[in-house]
Amino acid sequence: DWTMAAYRDQAIAAIREKVGDGHVICGLSGGVDSSVAAVLLHEAIGDRLTCILVDHGLMRKNEATEVLELFREHYNIPLVHADVADLFIDALEGEADPEVKRKTIGKLFIDVFEAEAKKLAVDGKTAEFLAQGTLYPDVIESVSFAGGPSVTIKSHHNVGGLPERMNMQLVEPLRELFKDEVRELGRELGLPERFIGRHPFPGPGLAIRCPGGVTRDKLEILREADAIYLDEIRKAGLYDAIWQAFAVLLPVQTVGVMGDGRTYEFVCALRAVTSVDGMTADFYPYDMDFLGRTATRIINEVRGINRVVYDVTSKPPGTIEWE
Ligand code: XMP
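Residues numbered from 1 in each chain as written. Predicted model: local features only at pLDDT ≥ 70, side-chain atom pairs only at ≥ 80, totals over all residues.

> So what's going on with helix α1 (residues 4-19)? Residues and values would help.
For α1, with 16 residues, the first-to-last C-alpha span of 22 Å sits near the 22 Å given by 1.5 Å per residue. Within the span of α1, buried status applies to A11, I15 and V19. Angularly, the buried residues of α1 cover 50° about the axis, an arc narrow enough to put them on a single face. When the buried face of α1 is taken as reference, the exposed residues oriented beyond 90 degrees from it are A5, A6, Q10, A13 and E17. Elements in contact with the buried residues of α1: β1 (24-27), α2 (32-45), β4 (129-131) and β5 (169-171). (Helix = DSSP H or I, 4+ residues; strand = E, 2+ residues; numbered from the N terminus. Expected span 1.5 Å × (residues − 1). Buried ≥ 20, exposed ≤ 12 C-beta atoms within 10 Å, placed from the backbone. Arc of directions from axis to C-beta. Contact = placed C-beta atoms within 7 Å.)

Pasting the structure below:
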């Protein structure tokens, strides 16, 4: 008779056995997975856990601050804010290849974790373990796709994308779970609903929503458009009905007219899907009023965008993210 309470006890026992009296570093992104992993680890090993928020400059608007506040308000878990935006964005500047982006980001994450582990070392002894909120679908999709031929669809940075040379052992307490199960486990652990209900957000962040090359300016434009889009979703009461919604900044400029002038600016694509586990997904059927209203706001409020389109692709054949 399988219950989440039993799973939780078993997961805690497994963490204790693996970690022994060692120290663990856990990357915290503010997403459901890493939050649940962090709280589970904290229950298992207490203050031998340190969380690190890798603020890579690829997060949504205000996200880093919100995550820090939420965590500091609710938990007594040591939490380091690593402000490393320049490191990441310099390395990604102009990069257009989705797999190179993922691998670059995965490598930098490890560099940051290792550097932080050194800073936290007690008597010269650094953390032996790195924890991640890897889920079962991340594991399968990095290896094969829905029972098909064994090809890599995307190197999820928290699975295949990690450099081999890493000198910490991985702890992945959610590796057997699907997203809905992680949310259930989170409730079992008493996480506030604000964490549990958050839309998924990929580790490589906005970098994989800037096809055609990442630049600081494009990230800024994208961040603003994305914030307006999510604001409209919340105002319309649709946030919880949607699995995940986000803006993508296309590397295409189109002609428009504003006042009596010609504009030549980027196209923004909006994405929203429903899904149970992220393995398959359907595009969300907004009404046209919602789309029109959101497009108008984005075009009026974000400099650099003069056209908005809606992505009506389901998964398969599309993936949820564009890269
Ligand atoms: P795709 O685009 O593969 O996305 O249909 C499925 C789900 O996984 C998220 N995703 C990622 N999450 N690291 C992550 O932590 C990644 O590299 C990554 N790539 C995609 C995506 O946002 C969606 O929820």
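Picking up after the structure, the text goes on.
> Describe the pairing of strand β2 (residues 49-55), naming the residues involved and giving the relevant values.
Along a regular strand, successive side chains alternate from one face of the sheet to the other. Counted residue by residue, β2 has seven buried out of seven residues, so it is predominantly covered. The alternating pattern of β2 places L49, C51, L53 and D55 on one face and T50, I52 and V54 on the opposite face, and all of these are buried. Two elements, β1 and β2, share four bridges in a ladder whose sense is parallel. Bridge pairing in β2 places C26 opposite C51. (Pairing = 2+ DSSP bridges.)

> Summarise the domain arrangement of the protein chain; cite the residues concerned and give the values.
The domains assigned to the protein chain are domain 1 (4-196) and domain 2 (215-310). With centres defined by C-alpha atoms, the gap from domain 1 to domain 2 works out at 28 Å. A per-class count over the side of domain 1 that touches domain 2 returns five nonpolar, one polar and five charged. (Domains from an automatic or database assignment. Nonpolar A, V, L, I, M, F, W, Y, C, P; charged D, E, K, R; others polar.)

> Got a sec to walk through the nonpolar core? Specific residues and values, please.
Counting 76 residues, the largest nonpolar core has V24, C26, L41, A225 and I298 as the members making the most contacts within it. It is α2 that contributes the most residues to this core, nine residues altogether. Of the domains in this structure, domain 1 (4-196) and domain 2 (215-310) are the two that each give at least three residues to this core. (Core = buried A, V, L, I, M, F, W, Y, C linked by C-beta atoms within 7 Å.)

> Quick rundown of the sheet that holds strand β3 (residues 79-83)? Include the residues and the values.
Read across the open sheet, the five strands follow the order β3-β2-β1-β4-β5; overall the sheet is parallel. Each edge of the sheet is formed by a strand with only one pairing partner; in this case those strands are β3 and β5. In this sheet, adjacent strand axes meet at a mean angle of 30° when their direction is disregarded. Alignment of β1 against β4, held across three bridges, turns out to be parallel. By the bridge assignment, V24 is partnered in β4 with F129. α2 contacts β1, β2 and β4 of the sheet and is inclined by roughly 160° relative to β1. (Axes fitted to C-alpha atoms, helices over the stretch in contact; angles between N-to-C directions.)

> Give a description of helix α3 (residues 63-74) that names residues and reports values.
Residues spaced three or four apart along an α-helix face the same direction, because each turn holds 3.6 residues. When the terminal C-alpha atoms of α3 are compared, their 17 Å separation across 12 residues agrees well with the 16 Å that a helix rising 1.5 Å per residue should span. Among all positions of α3, only E63, A64, V67 and F71 are buried. Viewed end-on, α3 has its buried residues packed into an arc of 100°, placing them on one side of the element. Opposite the packed face of α3, turned more than 90 degrees from it, sit the exposed residues T65, E69, R72 and E73.

> With reference to specific residues and values, describe the UniProt feature "binding site: ATP" (unreviewed entry) in the protein chain.
Mapped onto this structure's residue numbering, the UniProt feature "binding site: ATP" (unreviewed entry) falls at S29, G30, G31, V32, D33, S34 and S35. Looking at the secondary structure, you find S34 in helix α2. Leaving out residues up to four positions away in the same chain, S34 has contacts with C26, G27, L28, S29 and G133. Among the secondary structure elements, S35 is positioned in helix α2. Residue classification places S35 among the buried residues on the basis of 29 C-beta atoms within 10 Å. In this view, S35 contacts L28, G30, G186, L191 and F195; residues no more than four positions away in its chain are not counted. (UniProt positions renumbered as here; feature names shortened; annotations may be inferred.)

> I'd like a description of the packing of helix α4 (residues 85-92) against helix α5 (residues 98-119), backed by residues and values.
At a closest axis distance of 10 Å, the pairing of α4 and α5 adopts a crossing angle of 150°. In terms of axis orientation, α4 runs roughly antiparallel to α5. By crossing handedness, the relation of α4 to α5 is classed as right-handed. Across from L87, F88, A91 and L92 in α4, the residues of α5 making contact are K101, T104, I105 and L108. Partitioning the contact of α4 with α5 into residue classes produces six nonpolar, one polar and one charged. (Parallel < 35°, antiparallel > 145°, perpendicular 65-115°, else oblique. Left-handed = near helix turned anticlockwise from the far one by under 90°.)

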